[in-house]
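Chain by chain, the residues:
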Amino acid sequence: MVAIGSYVYFIVYDGSDTGIARSDGSTTSMITNWRAGQLVTDGTLLYFAGDDGSNGYELAVFDPSDSSVSLLTDHDGSESFLVEQGCSGSACGYIEIMGDLVLINGGITDSEGNDVSGNSLYAYDTSSSSLSRLTETVIGSHDDVRDINIIGSKAYFSAETRDASGSIQRSLWVTDGT
């Protein structure tokens, strides 16, 4: 649940599907029927992992000024960015705002939906509308980024690594978004 202006935005579940609603304390209305994961805001816009029913979970934004929903990491025909490949509903999370960056766990897939990058921590830069990979803690595989927390100008998170014997371990990581 997040607040923008005089509204609180939250995920609703009707027993079979999710969406996003908002309330001013006296009136509640549905803003989109997109399946949604965690919600975050920069104070003006609402960012979320959303699925419009045809593209899978991608980074989306709701603009309260014109009630529009847009995909920020839309399919380009050859490769696309998917949030937490294989996620569903409220299990899609691990998204935070740090300055102009929207930090999110996800990966790149080809036009057939095949994983080409493994899941990693990505940054969507709202000032340049660009997406960049921040981590690759397990080369060519899934970092399984979790628990992103912003403290000051740094993001702390846990991710998988492999020790010398190849065993997977979870470690604490930090990034300034570069």
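Structural data are supplied above this passage.
Once a new chain begins, its residue numbering starts again from 1 and follows that chain's sequence as written. Where totals are concerned, whole chains, interfaces and linings use all residues; where local detail is concerned, this predicted model gives features only for residues with pLDDT of at least 70, and gives and counts side-chain atom pairs only at 80 or more. Each side-chain value is worked out from all heavy atoms of the structure, with water and hydrogens disregarded.

**Q** Explain the overall build of the chain here, please?
**A** Every helix listed is a DSSP run of H or I at least four residues long, and every strand listed is a run of E at least two residues long, numbered separately from the N terminus. Within the chain, the secondary structure is distributed over 0 helices and 16 strands. Relative accessibility under 20% of the residue-type maximum defines a buried residue, over 50% an exposed one, and the middle range a partly exposed one, all with a 1.4 Å probe and only protein chains included. Buried residues in the chain amount to 43% of all 178 residues. Across the chain, every contact between residues at least 6 apart in sequence was considered, and the portion connecting residues at least 24 apart equals 36%. Reported accessibility uses the Shrake-Rupley method at a 1.4 Å probe radius. Residues are deemed covered only where the shown protein chains occlude them. Carbon and sulfur atoms make up 46% of the accessible area of the chain, which totals about 8,600 Å². Whether two residues are in contact is decided by their heavy atoms: any pair within 4.5 Å suffices.

**Q** I would appreciate a short explanation of the pattern of salt bridges in the present structure.
**A** Should the charged atoms of two oppositely charged side chains come close, the side chains can pair. Within this document, salt bridges are pairs made up of a side-chain nitrogen of Lys or Arg and a carboxyl oxygen of Asp or Glu, the two lying within 4 Å of each other. Under the counting rule described, the total for this entry stands at 1 salt bridge. The shortest N-O distance in the salt bridge between D51 and R35 comes to 2.5 Å. You can see D51 sitting in strand β6 (residues 46-51) and its partner R35 sitting in strand β5 (residues 35-41), a full 16 residues away along the chain. A residue is classified by how much of its surface remains accessible, and D51, at 7% relative accessible area, is buried.

**Q** Would you take a moment to explain the environment of D52 for this structure?
**A** By the element assignment, D52 lies in the loop between β6 and β7 (58-63). Judged by relative accessible area, which is 34%, D52 ranks as partly exposed. For the pair D52 and R35, spaced 17 residues apart in the sequence, the C-alpha separation amounts to 6.6 Å. Residue contacts for D52: discarding those within four places in its chain leaves W34 and L71.

**Q** So what exactly am I meant to see when it comes to the side chain of R22 here?
**A** Position of R22 among the secondary structure elements: in strand β3 (residues 18-23). The side chain of R22 is buried and forms no salt bridge, while D24, the nearest opposite charge, is found at 7.9 Å. The residues contacting R22, other than those within four sequence positions of it, are Y7, V8, Y9, F10, T27, T28, S29, I31, F62 and P64. Counted as positive: Lys and Arg. Counted as negative: Asp and Glu. His and the chain ends are not counted at all.

**Q** Would you explain the sheet that holds strand β8 (residues 68-71) in this entry?
**A** In any sheet, the strands associate via hydrogen bonds between backbone groups, in a parallel or an antiparallel arrangement. The sheet built from 4 strands is open, its strands ordered β5-β6-β7-β8 with antiparallel pairing. Each edge of the sheet is formed by a strand with only one pairing partner; in this case those strands are β5 and β8. Across this sheet, the average inter-strand angle for adjacent strands is 30°, counted without regard to direction. In this analysis, strands are considered paired if DSSP registers two or more bridges between them. Bridge count between β7 and β8: 4 bridges; the pairing is antiparallel. The partner of V61 across the bridge, within β8, is S70. In this analysis, axes come from line fits to C-alpha atoms, helices being fitted only over the stretch in contact, and the angle between any two N-to-C directions falls in the range 0 to 180 degrees.

**Q** Please clarify how unusual backbone geometry should be interpreted in this entry.
**A** Glycine aside, residues mostly have negative phi, and peptide bonds are mostly found in the trans state. Even without a glycine there, the phi angle at S67 is positive, about 55°. Among the secondary structure elements, S67 is positioned in the loop between β7 and β8. A residue is classified by how much of its surface remains accessible, and S67, at 45% relative accessible area, is partly exposed. One non-glycine residue, D147, lies in positive phi territory at about 55°. Relative to the helices and strands, D147 is located in strand β14 (residues 146-151).

**Q** Mind showing me how you'd approach the nonpolar core here?
**A** A general trend in soluble globular proteins is that nonpolar side chains are found buried together. Here, nonpolar core refers to any group of buried Ala, Val, Leu, Ile, Met, Phe, Trp, Tyr and Cys residues whose side-chain atoms link them within 4.5 Å. Counting 13 residues, the largest nonpolar core has Y9, I20, I31, L39, L46, F48 and F62 as the members making the most contacts within it. Of all the secondary structure elements, the ones that give two or more residues to this core are β1 (2-4), β5, β6 and β7. For Y9, the contacting residues outside a window of four places in its chain are M1, V2, I4, A21, R22, I31, L39, L46, F62 and P64.

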